[in-house]
Amino acid sequence: MVEKIILDTDPGIDDAMAIFFAFQAKQLDVLGLTTVYGNVPVEMSAKNALALVELANVNIPVCKGVGMPWVGEESTYAHFVHGDDGFGNINHPAPKGELDSRSSAQFIVDTVKKYPNEVTIVAVGPLGNLALALRLAPEIQHLVKSVNIMGGAAFTLGNVTPVAEANIWNDAHAAEIVFSAEWPINMFGLDVTYKVPFSPTFMQELSKVNPVLGGFVKRASEFYADFYSQGKEQKECFFHDAFPLAYIMHPELFEMTTGHMRIGTDELHRGQTSFAPIGSTMSPYWLNAQKVNVATKVKHADLTQLFIDTYALD
Ligand code: BDR
Ligand code: CA
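Scope of this entry: the structure provided in the associated data block. (Residues numbered from 1 in each chain as written. Chains lettered and ligands numbered in written order. Predicted model: local features only at pLDDT ≥ 70, side-chain atom pairs only at ≥ 80, totals over all residues. Heavy atoms only, no water.)

Right, let's get into the overall build of the protein. Each helix and strand counted, the protein has 13 helices and nine strands in total. Computed over the C-alpha atoms, the radius of gyration of the protein is 18 Å, within 12% of the 20 Å expected from 2.2 N^0.38 for a compact globule of 314 residues. Its C-alpha atoms give the protein principal-axis dimensions of roughly 55 × 45 × 40 Å. Taking all 314 residues of the protein together, 56% fall into the buried category. Looking at the protein alone, contacts between residues at least 24 apart form 81% of all its contacts between residues at least 6 apart. Element-wise, carbon and sulfur atoms account for 52% of the exposed surface of the protein, whose accessible area totals about 13,000 Å². Charge separation in the protein, taken as the distance between the mean sites of 21 positive and 35 negative side-chain charges, equals 4 Å. (Helix = DSSP H or I, 4+ residues; strand = E, 2+ residues; numbered from the N terminus. Rg over C-alpha atoms; globule rule 2.2 N^0.38 Å. Buried < 20%, exposed > 50% of the residue type's maximum accessible area, 1.4 Å probe, protein only. Contact = heavy atoms within 4.5 Å. Areas by Shrake-Rupley, 256 points an atom, 1.4 Å probe, with all protein chains shown as cover. Lys, Arg positive; Asp, Glu negative; His and termini not counted. Charge placed at Lys NZ, Arg CZ, Asp CG, Glu CD.)

Here is the structure:
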């Protein structure tokens, strides 16, 4: 069965790799890209998403979304990870097409209502668009098939602070709204994404099986891998954002743990995904919180092969 998805994204190099993976996957029907600030400002995020759609020759709406966190100051962005252009400074040409006139949140609301109980929202950036969509139309929490999130760190260290992963840290109040809603959530955080490092051989392989899309990922990843390889002997990088997509296609590659999730919003715990597996606590602070599924294990070799095989498809 082909699964309808909306991909909410902040491209971003691992976002680009994930977007192409979704376009290539025969089991996924990408209804649109909704963009958000995060790795880069939202204007760049939207422009980059449009450029990726054009490179892949795919005709779907691309929307611009929120540019600021729910609460607090403008983000400082992650150009040191993704380059000045969000694509590892490779001078990729500007897109020629136009953005959809709707906001990302409005597109999410319209699309979920058009296909009730059929759409999975795959969110791989900060969660402001999803929070705003819930504010515009709270009923969508009962109309979405599931929400698959790349973000958080349940049992492992964060990558912005010791307790917080970047996507959740970047908009902790929005994350709290999204994780409190009554829609089924599957979370793919650093617990699994940091278990699967990708070497230059992998990027080489992607570019061999798919010179246009894989070639783009290989070129863009050089800057990205330099960031991730500081102080290491071998070059490596992480394709976080492709994990929640792989789960839709092959859930058997993941082990999931169910529990109650709280999101930290005070300054010290900002963006913490504080997770209590079922039966692990009597605290009402967690027992009264929504239940979510958190990915805790992944089959490394099978996932890597899935990425390569999917990029190799016509
Ligand atoms: C997440 O943060 C961003 O930098 C990546 O694109 C990914 O979505 C990893 O923490
Ligand atoms: Ca991302």
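Once you've had a look at it, read on.
L33 and F254 are the most contacted members of the largest nonpolar core, which has 64 residues in total. The dominant element in this core, judged by the number of residues it contributes, is helix α1 (residues 13-24), at nine residues. Apart from residues lying up to four places away in sequence, L33 is in contact with L7, I19, F23, A49, V53, I60, P61, V62 and C63. Among the nonpolar cores identified, the runner-up in size contains 37 residues, and L31, V112, I263 and V294 belong to it. (Core = buried A, V, L, I, M, F, W, Y, C linked by side-chain atoms within 4.5 Å.)

A few words now on the coordination of the calcium ion (ligand 2). Here the calcium ion (ligand 2) is held by the protein donor atoms D10 (OD), D15 (OD), D15 (OD), V124 (O) and D241 (OD), which lie 2.3 to 2.7 Å from it. Binding-site remark: the calcium ion (ligand 2) is held by donors from one chain whose sequence spacing is D-x4-D-x108-V-x116-D. Of this pair, D15 sits in helix α1 while D241 sits in the loop between α10 (213-228) and α11 (243-249), and the two are 226 residues apart along the sequence. Residue class for D15 comes out buried when judged on its relative accessible area of 0%. (Donors = N, O, S within 2.8 Å, 3.2 Å for Na, K, Ca; no water.)

What follows covers the packing of helix α9 (residues 200-209) against helix α13 (residues 300-311). Following both chains from N to C, one finds α9 and α13 inclined at 25°, their axes separated by 8 Å at the closest point. The orientation of α9 relative to α13 falls into the category roughly parallel. Crossing geometry of α9 relative to α13 is assigned as right-handed. Together, F202, E205, L206 and V209 of α9 and T304, F307, I308 and Y311 of α13 make up the contact between the two elements. In terms of residue class, the contact of α9 with α13 is built from six nonpolar, one polar and one charged. (Axes fitted to C-alpha atoms, helices over the stretch in contact; angles between N-to-C directions. Parallel < 35°, antiparallel > 145°, perpendicular 65-115°, else oblique. Left-handed = near helix turned anticlockwise from the far one by under 90°. Nonpolar A, V, L, I, M, F, W, Y, C, P; charged D, E, K, R; others polar.)

Moving on, we come to the packing of α9 against α10. Where α9 contacts α10, the two axes come as close as 6 Å, and the packing angle between them is 150°. Taken together, α9 and α10 sit at an angle that is classed as roughly antiparallel. Both α9 and α10 take part in a crossing whose hand is left-handed. Residue-level inspection shows M203, Q204, L206 and S207 of α9 in contact with α10, the latter providing G214, G215, V217, K218 and S221. Of the residues in the contact of α9 with α10, the class split is three nonpolar, five polar and one charged.

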